[in-house]
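Observations on the model geometry
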Amino acid sequence: MQFTTRHGALLAGLILMVSTATAQPEPPLKEGKTVREWAERLQSRDLDEQRIAALSLSKLGRESLGALKELRGALSAKDNAVRFYAMRAIANGGPAAKAAIPDIVRIVEEDHPLLARPAALSLAQLGKDVVAPASKLLDHPNPRIRRNAVLTLGKLGGLAETAYPAIFKRLTDDESFLVRRRVAESLEQNPINTPAARMALVKAIRSDSDPDVAASAALSLGKLGTEALPDLLKLLDDPSADTRYHAALALRQLRSEAVPAVKALAKLLTEQDAELRQAATRALAAIGEPALPALMKTLEDPKPELREGALIGLTEMGTSASRALKPILAALDDKEITVARQAALALGAIADAQGVKPLIKALESRDAVLRSNAAQSLGRLGPAAAEAVPGLAGLLRSGNREQRDRSALALLQIGKASRPGLQKLLVEKEPRVRILSLIVLGRLGGSEAVADIAARLKDADVEVQLFAARALRELGRDASSAREALQAALTATKDPEVRKEIVEALAAISSSPKD
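The structure displayed is predicted, hence computed values, not measured ones.

Parameters at a glance
Residues numbered from 1 in each chain as written. Predicted model: local features only at pLDDT ≥ 70, side-chain atom pairs only at ≥ 80, totals over all residues. Heavy atoms only, no water. Helix = DSSP H or I, 4+ residues; strand = E, 2+ residues; numbered from the N terminus. Rg over C-alpha atoms; globule rule 2.2 N^0.38 Å. Buried < 20%, exposed > 50% of the residue type's maximum accessible area, 1.4 Å probe, protein only. Contact = heavy atoms within 4.5 Å. Areas by Shrake-Rupley, 256 points an atom, 1.4 Å probe, with all protein chains shown as cover. Lys, Arg positive; Asp, Glu negative; His and termini not counted. Charge placed at Lys NZ, Arg CZ, Asp CG, Glu CD. Axes fitted to C-alpha atoms, helices over the stretch in contact; angles between N-to-C directions. Parallel < 35°, antiparallel > 145°, perpendicular 65-115°, else oblique. Left-handed = near helix turned anticlockwise from the far one by under 90°. Nonpolar A, V, L, I, M, F, W, Y, C, P; charged D, E, K, R; others polar. Salt bridge = Lys/Arg side-chain N within 4 Å of Asp/Glu carboxyl O. Polar contact = N/O pair within 3.5 Å; in protein donor to acceptor, adjacent residues only side chain to side chain. Phe/Tyr/Trp six-rings, centres within 6.5 Å; stacked < 30°, edge-to-face > 60°. Lys NZ or Arg CZ within 6 Å of the ring centre and 35° of its normal. Expected span 1.5 Å × (residues − 1). Core = buried A, V, L, I, M, F, W, Y, C linked by side-chain atoms within 4.5 Å.

**Side note on the overall build of the protein**
Regarding its fold elements, the protein presents 31 helices and 0 strands. Against the 2.2 N^0.38 benchmark of 24 Å for 515 residues, the protein shows a C-alpha radius of gyration of 31 Å, more extended than a compact globule. Each principal axis of the C-alpha atoms in the protein carries an extent, and together these give about 75 × 70 × 40 Å. Looking at the protein as a whole, 52% of its 515 residues qualify as buried. Put simply, 64% of the contacts in the protein that link residues at least 6 apart link residues at least 24 apart. Within the structure as shown, the protein displays about 24,600 Å² of accessible surface, and the carbon and sulfur contribution to it stands at 51%. Between the mean site of the 73 positive side-chain charges and the mean site of the 64 negative ones, the protein shows a separation of 1 Å.

In structure tokens:
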């Protein structure tokens, strides 16, 4: 079929709505039409008028029910755009449009690549009368249709209670892993906390060959709270490492409610499987302070990978791990560099000022990653790390790109105490150092560094000039003393981007103070 330009635009709008569910560009609409007038145009022989009428009715909410008969007829149209918008208009009518359920069910059964999923979602808006026909689709020989039936029933939530047994059967017995995966994802998004649901989820965790199904089932079980604890504790003792892994994933979601699982999770910290150890570590970290002794004990293990794993958990625990400060400080001097690197991050997460001096020392490490991690953690300590400014400025001056970026951020987080060190860096030979210093000075605010920043408007590097103007713009009225320097730079430079920044800086300086 040949389409006009306008036809192509409307069809593109259909595809965009199907794939992203975002607001659509509107075609030209004539104002002042009643629902009945749109309904009549829906039956026009002109395809353009049909499309515009269907789209218009889809935007009228429940008022579109006045055209329900015509909208149902449009569901059989040859044009996909007309069918799609008619379906959306019907769905907006809610349960009052239940007469159209058989029509939309037929679209699901067509398994149309563009319309089947929107049809399943539309059915879910029509209320409890959808449950019976959608449940029948769970037994359809086509797995894609079964998946869409699961989608519909999942969106119905508690209204689909009578279909729960059939849904759980699809999770445990369906031959298609995609159907099982859809059920598991649906239960994750819309948790069902019944003994039958928990039994089905446990079975999927234990026996499903698809790791995504097992993972989604575990996450679903974890959302069921303490009622799932007995099952999860049993799963932690399962012979299968995969099952224990998924149980740990679930327990992480219970957070402090999973305290009874601390002992069993601690046993997993010495497992050979790295992913299993990591899952147990993260679950313990989520539990919080009650899990602290288990992680601290692991810091004494002779195996460096176990010590590193414990530090990862303590890092995730954040300030709740403050009682572990002493062994973390000791780990910063660990002979195994991966352990020391993680200890540096843990000190930033705990945010205790006692970590400042050891982290400053770590800035001088021969290991580049440890230096970067130390800079990052000093930044997290904020103004309490003011004495680290010289070390961070030195790392910004001589470090690699990552170290410079992390040092600049740390200096920004430390605040005003960083300003003198940054001003000195404005005359460094490397343009990147000057630029990062300008960025931080601009964001720190205040007028103390204005003269030094304005001097960079004459920098030999055009990009430095640009960032100098940008820094002055960010300072706003605090940079008033730089007005003459900016005007002189505007006359001197021919670079359009620099000129644009200067104009904006002058405007910012002249603007009224913010309320």
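Having seen the model, we can carry on.
**Examining the packing of helix 5 (residues 80-92) against helix 7 (residues 116-124)**
Two numbers describe how helix 5 lies on helix 7: the axes approach to 9 Å, and their chain directions differ by 15 degrees. Between helix 5 and helix 7, the crossing angle belongs to the class labelled roughly parallel. Considering the relative orientation of helix 5 and helix 7, their crossing is left-handed. Contacts from Phe84, Met87, Arg88 and Ala91 in helix 5 reach Pro118, Ala119 and Ser122 in helix 7. Classifying every residue of the contact of helix 5 with helix 7 gives 5 nonpolar, 1 polar and 1 charged.

**Notes on the side chain of Asp301**
Considering the arrangement of structural elements, one finds Asp301 in the loop between helix 18 (292-298) and helix 19 (304-317). Among buried charged residues, Asp301 stands out as having no salt bridge; its nearest opposite-charge side chain is Arg307, 5.9 Å away. A polar contact is formed between the side chain of Asp301 and the backbone nitrogen of Lys303, at a distance of 2.8 Å. Asp301 has contacts with Thr270, Leu306 and Arg307, leaving out every residue within four places of it along the chain.

**Considering unusual backbone geometry**
One non-glycine residue, Asp111, lies in positive phi territory at about 60 degrees. Here Asp111 lies in the loop between helix 6 (101-110) and helix 7. Judged by relative accessible area, which is 17%, Asp111 ranks as buried. In this model, Arg255 sits at a positive phi of 50 degrees, which is unusual for a non-glycine residue. Tracing the sequence through the fold places Arg255 in the loop between helix 15 (241-254) and helix 16 (262-268).

**Some words on the packing of aromatic side chains**
This structure, assessed with the given rule, holds 2 aromatic pairs. Ring centres of Phe84 and Tyr85 lie 5.3 Å apart, and the angle between their planes is 80 degrees; this geometry places the pair in the edge-to-face category. Across this residue pair, the class does not change: Phe84 and Tyr85 are buried. A ring pair is formed by Tyr164 and Phe168, whose centres lie 5.9 Å apart and whose planes are at 35 degrees; its orientation type is tilted. Of this pair, Tyr164 and Phe168 both sit in helix 10 (residues 164-173), 4 residues apart, roughly one helical turn. Tyr164 sits in the buried class, given a relative accessible area of 13%. In this structure, Lys33 packs its charged tip against the face of Trp38, placed 5.8 Å from the ring centre. Above the ring of Phe467, the side-chain terminus of Arg470 is found at 5.0 Å from the ring centroid.

**Examining the packing of helix 14 (residues 229-236) against helix 15**
Interaxial distance between helix 14 and helix 15 falls to 8 Å at its minimum, and their mutual angle equals 145 degrees. Between helix 14 and helix 15 lies a crossing of left-handed hand. Contact with helix 14, carried on its side by Leu229, Leu232, Leu235 and Leu236, involves Thr243, Arg244, Ala247, Ala248, Ala250, Leu251 and Leu254 of helix 15 and no other residues of that element. A class-by-class count of the residues in the contact of helix 14 with helix 15 yields 9 nonpolar, 1 polar and 1 charged.

**Description of the pattern of salt bridges**
Summed over all chains, the structure comprises 33 salt bridges. We note a salt bridge from Asp103 to Arg106, for which the minimum N-O separation is 2.5 Å. Placement of both Asp103 and Arg106 in helix 6 is noted, with a separation of 3 residues, approximately one turn of the helix. The exposure class of Asp103 is buried, given its relative accessible area of 11%. When the shortest N-O distance is used, the salt bridge between Arg406 and Glu402 registers 3.1 Å. Residue Arg406 and its partner Glu402 are located together in helix 25 (residues 401-414), separated by 4 residues, close to a single helical turn. Beyond isolated ion pairs, a larger network of salt bridges with shared partners links Arg470, Arg473, Lys500, Glu501 and Glu504.

**Examining helix 29 (residues 462-475)**
Look at helix 29: 20 Å from first C-alpha to last across 14 residues, which is about the 20 Å you get at 1.5 Å a residue. Those residues of helix 29 that sit buried are Val464, Gln465, Leu466, Phe467, Ala468, Ala469, Ala471, Leu472 and Leu475. Of the surrounding secondary structure, the elements contacted by the buried residues of helix 29 are helix 27 (431-444), helix 28 (450-455), helix 30 (483-492) and helix 31 (496-510). You can read the cap of helix 29 off the contacts: a side-chain oxygen lies 2.8 Å from the backbone nitrogen of Glu463, and it is on Asp461. Where helix 29 ends, the next residue or the one after it, Gly476, has phi of about 60 degrees, a positive value.

**Quick word on the nonpolar core**
Core analysis: the biggest nonpolar cluster contains 162 residues, and Leu265, Leu378 and Leu472 have the highest contact counts within it. Here this core takes 8 residues from helix 29, the largest share from any one element. Sequence-distant contacts of Leu378, defined by excluding residues within four places in its chain, comprise Val356, Leu359, Ile360, Leu363, Ala385, Ala388, Leu392 and Ile414.

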